[in-house]
Amino acid sequence: MSVNDEFGQRTAELIEAGRYIHDRGWAPATSGNFSARLSDGRIAITVSGRHKGELTADDVMLIDSEGRPLGGQRPSAETPLHTSLYRLYPTVEAVLHPHSPSATVVSRLFGDELALQDYELLKALQGIETHESRIVVPIFHNDQDIRRLAQRVEDYIGSHDDVYGYIIAGHGFYTWGTSIKEALRHVEALDFLFDIEIRLHGVVPR
Ligand SMILES: [Zn+2]
């Protein structure tokens, strides 16, 4: 496949993922951003400020691995959070960032992290084969200085194994995968588990 075909293919998948995520109420009012890495290292990412339920091919653009725009449009303001994940994980090819109600409520209920264990749905996460697993989802304070936030995320992931996603407090969550499909599965699984933890604490998020 030529890189142009690949860009077109990834763009179509990101448009579909955006519709799916928006339809579930996980990316209201132009929030959220999504990306996919091409085989030449460039990254297809949503343009800043676009409605994620109504994305078209014009709403996905290319950046280089450092986040510099390749073309006239402005990429998502949170681009450094995407490029840092691609740097940390050479096999990751997609990063999805929804602003879901459950992730937001979890960040109000828990401190610096949420531990998830003994859930069958943990097996939806790449490489987990039993419900008897335990994962920790770190919760970072929100920060309008995205580079500083990206550095905090990098420091954490660089010193912890088996991180499948992270929450930004009062904001949303990030997860990733070796394909857009896998990253979307991680979005669904993590959001479900966040929702269960909220119910356990007696709060109804939606
Ligand atoms: Zn965001």
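A quick note: this is a predicted structure, and the numbers were derived from the prediction, not measured.

Draft legend 1. Broad picture of the overall build of the protein chain. Secondary structure summary: the protein chain contains five helices and eight strands in total. From first element to last, N terminus to C terminus, the protein chain shows the α and β order α-β-β-β-α-β-α-β-β-α-β-β-α. Taken over the C-alpha trace, the protein chain has a radius of gyration of 16 Å; the compact-globule value for 206 residues is 17 Å, and the two agree within 12%. With the principal axes as the frame, the protein chain shows a C-alpha extent of 45 × 30 × 30 Å. Per-residue burial for the protein chain yields a buried fraction of 52% across its 206 residues. Residue pairs in contact within the protein chain that sit at least 24 positions apart in sequence constitute 62% of those at least 6 positions apart. Of the roughly 9700 Å² that the protein chain leaves accessible, carbon and sulfur atoms contribute 48%. Within the protein chain, the 30 negative side-chain charges are centred at a point lying 4 Å from the centre of the 20 positive side-chain charges.

Draft legend 2. Quick look at helix α5 (residues 180–200). Between the first and last C-alpha of α5 there are 30 Å, a value that for 21 residues agrees with the 30 Å anticipated at 1.5 Å per step. Count one or two residues on from α5 and you reach G202, which has phi positive near 80 degrees.

Draft legend 3. Structural context of the side chain of H97. Looking at the element boundaries, H97 is found in strand β4 (residues 94–97). H97 sits in the buried class, given a relative accessible area of 0%. Here H99 takes part through its side chain, which lies 3.0 Å from a polar atom of the side chain of H97. Here H97 is in contact with G32, N33, F34, E78, H171, G172, F173 and Y174, once residues within four sequence places are set aside.

Draft legend 4. Focus on the coordination of the zinc ion. Here the zinc ion is held by E78 (OE), H97 (NE2), H99 (NE2) and H171 (NE2), and the distances to it run 2.1 to 2.2 Å. For the zinc ion, the single-chain donor residues occur in sequence as E-x18-H-x1-H-x71-H.

Draft legend 5. Expanded view of the pattern of salt bridges. For the structure on display, the rule yields ten salt bridges. Across the salt bridge formed by R50 and D59, the nearest N and O atoms sit 2.4 Å from each other. Its relative accessible area of 28% is what places R50 among the partly exposed residues. Each of the salt bridges in this network shares a partner with another, and the network as a whole consists of E6, R10 and E13.

Definitions and cut-offs
- Residues numbered from 1 in each chain as written.
- Predicted model: local features only at pLDDT ≥ 70, side-chain atom pairs only at ≥ 80, totals over all residues.
- Heavy atoms only, no water.
- Helix = DSSP H or I, 4+ residues; strand = E, 2+ residues; numbered from the N terminus.
- Rg over C-alpha atoms; globule rule 2.2 N^0.38 Å.
- Buried < 20%, exposed > 50% of the residue type's maximum accessible area, 1.4 Å probe, protein only.
- Contact = heavy atoms within 4.5 Å.
- Areas by Shrake-Rupley, 256 points an atom, 1.4 Å probe, with all protein chains shown as cover.
- Lys, Arg positive; Asp, Glu negative; His and termini not counted.
- Charge placed at Lys NZ, Arg CZ, Asp CG, Glu CD.
- Expected span 1.5 Å × (residues − 1).
- Polar contact = N/O pair within 3.5 Å; in protein donor to acceptor, adjacent residues only side chain to side chain.
- Donors = N, O, S within 2.8 Å, 3.2 Å for Na, K, Ca; no water.
- Salt bridge = Lys/Arg side-chain N within 4 Å of Asp/Glu carboxyl O.

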